[in-house]
Amino acid sequence: MTCWLCVLSLQLLLLPAAPPPAGGCPARCECTAQTRAVACPRRRLTAVPDGIPAETRLLELSRNRIRCLNPGDLAALPLLEELDLSENVIAHVEPGAFANLPRLRVLRLRGNLLKLIPPGVFTRLDNLTLLDLSENKLVILLDYTFQDLRSLRRLEVGDNHLVFISRRAFAGLLALEELTLERCNLTALSGESLGHLRGLGALRLRHLAIAALEDQNFRRLPGLLHLEIDNWPLLEEVAAGSLQGLNLTSLSVTHTNITAVPAAALRHQAHLTCLNLSHNPISTVPRGSFRDLVRLRELHLAGALLAVVEPQAFLGLRQIRLLNLSNNLLSTLEESTFHSVNTLETLRVDGNPLACDCRLLWIVQRRKTLNFDGRLPACATPAEVRGDALRNLPDSVLFEYFVCRKPKIRERRLQRVTAAAGDDVRFQCRAEGEPAPTVAWVTPGRRE
């Protein structure tokens, strides 16, 4: 029995080892033959390592100490499809560094020290679809920087020090679908530079120090469907003609300093289905602000300073499904503000000091079927139901708190007051009703 065990052990020791990947594997990397991937992250490499198998398709060199890329560094990898050089210290890329990578589809250079990309760096990358240059030190994008990237669909250049984009910087990007510009020092947008992106479908402009949108910014982007403007603290107005020529399906203008609904700019956006104006200091939604947005299905005005939504404010919104007015200063939202409440499926009015009276009866009547997106609105007044969620109110309260009394003026009598020009004049007016009515004075000339 002992000898048999010894023979078995000897046989196990003599079993051949698994064959190494063709071409070997660099000493500080991990190679996976099945996916033809070579992974060398966090290996303190200062250059592209030697000995990478020629058949490699995915190469990860992120979080190393590579300082520059030269022609020839990647020349022996003609089948490479994805290259990740993120979070190195690359400050310079020589023209032609990627010239021998005809099959490359994804190139990530995020989080490096690039200040300038010389012409010719992206030569012969005819199949590249994604390029990430975010979180670098880029100051300027030169003319024809991307001219050879005819198949590029997505470009990330955010989190740089950009102060200027040359007029022809985006020339050649015929297939680009998505562009993100964020957290840089741009103070203006060039309509001429953006005009080369005729196929652009989504444009995201975030955290920029731009004070105005000009009429020509987007005029040459007929295919643009999604426009996002976020965190522009200097923007105080969306000019009437700034969106002219666009046929957007979604528009987001958030975290700016616009104080009014940009009704004039929205007038020609008849294809818009989603509009987000949240986190702007907008206090009032006037009547007919969205009257031309006949296809709009979602409207977000959350976290603003909304105190008043006027009657017929949502006139024209025949297909509205979702309305988000959460975290504002609204005491009520009357049914008369809508074109029709029958299309409404989701309503967010949580985070408002709601007065539970007859003006909210239409919500209470639908409280079992209306979707509040998991955030139930609650009464702020009267004191008897303060803090109670509208959905949980019993039917008995409908006749106690949700019954209106028509407003009327008590003690109608002539009041004679004599005053010199420029003096303040006081009149007394006692009115009652449920809810408490507001009083406005009108002159004989019908002036308030």
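This one's a predicted model, so the numbers in the text were calculated from it and none came from an experiment.

Draft legend 1. Here's a closer look at the overall build of the protein. When helices and strands are counted, the protein shows five helices and 25 strands. Burial analysis of the protein (448 residues in total) assigns 42% to the buried set. Element-wise, carbon and sulfur atoms account for 50% of the exposed surface of the protein, whose accessible area totals about 23,400 Å².

Draft legend 2. Examining the pattern of salt bridges more closely. Per the counting criterion, the structure on display carries 17 salt bridges. Among the ionic pairs, Glu192 bridges to Arg167, the shortest N-O distance being 3.8 Å. In this pair, Glu192 is assigned in helix α2 (residues 191-194) and Arg167 in the loop between β11 (164-165) and β12 (178-182), connecting sequence segments 25 residues apart. Judged by relative accessible area, Glu192 falls into the partly exposed class, the value being 32%. Across the pair Arg375 and Asp373 runs a salt bridge whose closest N-O atoms are separated by 3.3 Å.

Draft legend 3. Region of the structure containing the state of the cysteines. Scanning the model with the defined rule gives three disulfides in all. Cys25 shares a disulfide with Cys31; S-S distance 1.9 Å. Its S-S torsion of about 90° marks the bond between Cys25 and Cys31 as right-handed, since a negative value means left-handed. Judged by relative accessible area, Cys31 falls into the partly exposed class, the value being 23%. Between the sulfur atoms of Cys29 and its disulfide mate Cys40 the distance is 2.1 Å. Every disulfide takes its handedness from the sign of the S-S torsion; for Cys29 and Cys40 that torsion is 110°, giving right-handed. Here Cys40 lies in the loop between β2 (37-39) and β3 (58-60) and Cys29 lies in the loop between α1 (2-13) and β1 (30-32), a separation of 11 residues in the sequence.

Draft legend 4. Structural context of unusual backbone geometry. A cis amide bond links Thr381 with the next residue in sequence, Pro382, at an omega value of -5°. Along the chain, the position of Pro382 falls in the loop between β23 (379-381) and α5 (398-401). The phi angle at Tyr144 is positive, at roughly 65°, despite the residue not being glycine. Secondary-structure assignment places Tyr144 in the loop between β9 (140-141) and β10 (154-156).

Draft legend 5. Structural detail: the environment of Cys29. With a relative accessible area of 10%, Cys29 lands in the buried category. Along the sequence, Cys29 and Cys40 sit 11 residues apart, while their C-alpha atoms lie 4.5 Å from each other. Not counting chain neighbours up to four residues away, the residues in contact with Cys29 comprise Val38, Ala39, Cys40 and Pro49.

Draft legend 6. Structural context of the packing of aromatic side chains. In total, this model carries six aromatic pairs according to the counting rule given. Aromatic pair Phe146 and Phe170: ring centres 6.2 Å apart, planes at 15°, arrangement stacked. Here Phe146 is found in the loop between β9 and β10, whereas its partner Phe170 is found in the loop between β11 and β12, with 24 residues between them in sequence. Neither Phe146 nor Phe170 differs from the other in exposure class; each is buried. Aromatic ring contacts, followed pair by pair, group Phe98, Phe122, Phe146 and Phe170 into a single cluster.

Draft legend 7. Structural view of the pairing of strand β15 (residues 250-256). Counting buried residues in β15 gives six out of seven residues, a clear majority hidden from the surface. When strand β14 (residues 226-232) meets β15, the two strands line up parallel, connected through six bridges. Counted as the bridge partner of Trp232 is Thr256 from β15.

What counts, and where the lines are drawn
- Residues numbered from 1 in each chain as written.
- Predicted model: local features only at pLDDT ≥ 70, side-chain atom pairs only at ≥ 80, totals over all residues.
- Heavy atoms only, no water.
- Helix = DSSP H or I, 4+ residues; strand = E, 2+ residues; numbered from the N terminus.
- Buried < 20%, exposed > 50% of the residue type's maximum accessible area, 1.4 Å probe, protein only.
- Areas by Shrake-Rupley, 256 points an atom, 1.4 Å probe, with all protein chains shown as cover.
- Salt bridge = Lys/Arg side-chain N within 4 Å of Asp/Glu carboxyl O.
- Disulfide = S-S within 2.5 Å.
- Contact = heavy atoms within 4.5 Å.
- Phe/Tyr/Trp six-rings, centres within 6.5 Å; stacked < 30°, edge-to-face > 60°.
- Pairing = 2+ DSSP bridges.

Interpretation in functional terms is not warranted from these geometric data alone.
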